[in-house]
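# Architecture at a glance
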Amino acid sequence: MAEKKMEKVTKSVTGKEIGGSADRFWNPRFWDGMTLSAWTKALWSGSFRMAPSRVAMSGLIYGLGVVNSSFALASHIFRGGRVRRTQLVEDPIFVIGHWRSGTTLLHEYMIRDERFTFSDTYTCFAPSHFLVSGPFFRPWVACLMPKARPMDNMAAGLDRPQEDEFALCAFGLPSPYREILFPNAGRIDEDYLTLRNISDSARKKWLDTFEYFLKELTVANNKTIILKSPPHTARIKAILERFPNARFVHIHRDPYTLFPSTCTLWMKLAAVHGVQHPKGKGLEEKVYSDFEHMYNAFAADLPLLKEHQLVEVGYTDLVRNPVETLEKIYSGLNLTDFESVRATFANYAESQRSYKKNKFRISPETVDTISNRWKWYLTRYGYSAPALSELE
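Residues numbered from 1 in each chain as written. Predicted model: local features only at pLDDT ≥ 70, side-chain atom pairs only at ≥ 80, totals over all residues. Heavy atoms only, no water.

This paragraph deals with the sheet that holds strand E4 (residues 247–252). One open sheet accounts for five strands, arranged E2-E3-E1-E4-E5; its pairing is parallel. The two strands at the open ends of the sheet, each matched to only one other strand, are strand E2 (116–117) and strand E5 (310–314). Judged from the three bridges that link them, strand E1 (residues 93–96) and strand E3 (residues 224–228) form a sheet pairing that is parallel. Residue pairing for E3: Ile 93 is matched across the bridge by Ile 226. Sheet contacts for helix H10 (residues 200–220): E1 and E3; angle to E3, the most-contacted strand, approximately 125 degrees. On the sheet, helix H15 (residues 322–332) packs against E2, E4 and E5 and is oriented at approximately 165 degrees with respect to E5. (Pairing = 2+ DSSP bridges. Helix = DSSP H or I, 4+ residues; strand = E, 2+ residues; numbered from the N terminus. Contact = heavy atoms within 4.5 Å. Axes fitted to C-alpha atoms, helices over the stretch in contact; angles between N-to-C directions.)

Listed below in structure tokens is the structure:
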């Protein structure tokens, strides 16, 4: 039953893409800003097993890697010293939550406060050299970028906020996001979701690279940084090792909506950005198990947080009452002067009124599995299974 459902999803997601626009090797990819060594490491993680139609894409990224490596060297020479000497304004604020839970929408709201800075798409995809290459490349790359994200039609572009996990990938660090490249290869870098079952030296290297990226962002814009990346939900303990005063905003959403939406997310990303054509085999179990690993780690880390370090909000509240929800966040994190940005948030909320969310339907079997395996989340946030009349 599960295999048939995923076969249906696979066809609906990739039917027009396989052999079509997704195979145009010159289309922009997440990996275009990687250096030669970072791209080689990424391909090594999947044993270089790629579809014939994606070989040209890989070759183009290798070609871009020559340019990226050159600019990265220039950045190291002319900006590296300044970056290493830079101190963050204060420890970052993290928007966390499972994929498709509303982290992007919440991040979009919070960056409207001009007292904060953030990692945008260009800085995340070219972290090794954006400080020196931005003036040259941004205008050209911007012309190639889609105007909306393929999974939900939210605004996209080089200046839009982006997940810093992609920056870590582009630096060559192990990441579960390498599974986007190799969707049919099984689990890749699974332990890097939580950073728990890796060596101390590997975790230190991850934290050192992460901190270097944050210092780059500070050199570019000397403000408090607000980041958004779902994997950080499972990394609070590791983040606090380096940033003990970090603050977190956790957003939750109905898990019976999260599940099918996340399955579709991974299929669409792999169809466009992978070096393999996704078959969907094992995808449902990946989503189930990633959720469990994420929230087992999150639950274990909660006692480490002090007052004003964590606020939790619901996606439904953010959509229905955005200004009130943001006021709750500012109060809970002890952020000052909310009144100065109240009108800004209200204006952005008005601009989002026409946005149409995707709708998903799931089977009774899937509902039962979610109810059994994600019970902690359901109990903590008060979600209940949908009525039978709402299922397919």
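Structure shown, so let's carry the discussion forward.
The tally for this structure, following the rule as stated, stands at 33 aromatic pairs. Aromatic pair Tyr 288 and Trp 374: ring centres 5.9 Å apart, planes at 70 degrees, arrangement edge-to-face. Of this pair, Tyr 288 sits in helix H13 (residues 283–301) while Trp 374 sits in the loop between helix H17 (364–373) and helix H18 (375–381), and the two are 86 residues apart along the sequence. Just as Tyr 288 is buried, Trp 374 falls in that class too. Pairing Tyr 330 with Phe 338 gives two aromatic rings, centres 5.2 Å apart and planes at 70 degrees, and the pair type is edge-to-face. Overall, the relative accessible area of 1% leaves Tyr 330 in the buried class. A residue is classified by how much of its surface remains accessible, and Phe 338, at 9% relative accessible area, is buried. Aromatic rings pair up to connect Phe 259, Tyr 288, Phe 291, Tyr 295, Phe 298, Trp 374, Trp 376, Tyr 377, Tyr 381 and Tyr 383 into one cluster. In this arrangement the basic side chain of Arg 253 is found over the ring face of Tyr 315, its NZ or CZ atom lying 3.9 Å from the centre. The ring of Trp 266 is capped by Lys 286, whose NZ or CZ atom sits 4.9 Å from the centre of that ring. (Phe/Tyr/Trp six-rings, centres within 6.5 Å; stacked < 30°, edge-to-face > 60°. Buried < 20%, exposed > 50% of the residue type's maximum accessible area, 1.4 Å probe, protein only. Lys NZ or Arg CZ within 6 Å of the ring centre and 35° of its normal.)

So, about unusual backbone geometry. Notably, Leu 195 is not glycine yet its phi reads approximately 60 degrees, a positive angle. In the Ramachandran plot, Asp 337 falls in the positive-phi region, its phi being about 60 degrees despite a non-glycine side chain. Relative to the assigned elements, Asp 337 resides in the loop between H15 and helix H16 (342–351). Taking relative accessible area as the criterion, Asp 337 reaches 47% and is therefore assigned partly exposed.

Before going further, it helps to examine the pattern of salt bridges. In the structure shown here, the tally under the stated rule is 24 salt bridges. The salt bridge involving Glu 241 is made with Arg 203; its shortest N-O contact spans 3.3 Å. With Glu 241 in helix H11 (residues 236–242) and Arg 203 in helix H10, this residue pair connects regions lying 38 residues apart in the sequence. The exposure class assigned to Glu 241 is partly exposed, which follows from its relative accessible area of 46%. Residue Glu 211 is joined to Arg 242 by a salt bridge in which the shortest nitrogen-to-oxygen separation is 2.7 Å. (Salt bridge = Lys/Arg side-chain N within 4 Å of Asp/Glu carboxyl O.)

For H15, the full list of buried residues reads Pro 322, Val 323, Thr 325, Leu 326, Ile 329 and Tyr 330. For H15, the arc enclosing every buried residue in end-on projection is 160 degrees, short of the 170-degree limit, so these residues lie on one face. Residues of H15 that are exposed and point over 90 degrees away from its buried face: Glu 324 and Ser 331. Looking at the buried residues of H15, the elements they touch are helix H5 (103–110), E2, E4, E5, helix H14 (315–320) and H16. Of the residues trailing H15, Asn 334 is marked for its positive phi of about 65 degrees. (Arc of directions from axis to C-beta.)

The quantities given are spatial measurements derived from coordinates; they are silent on function.
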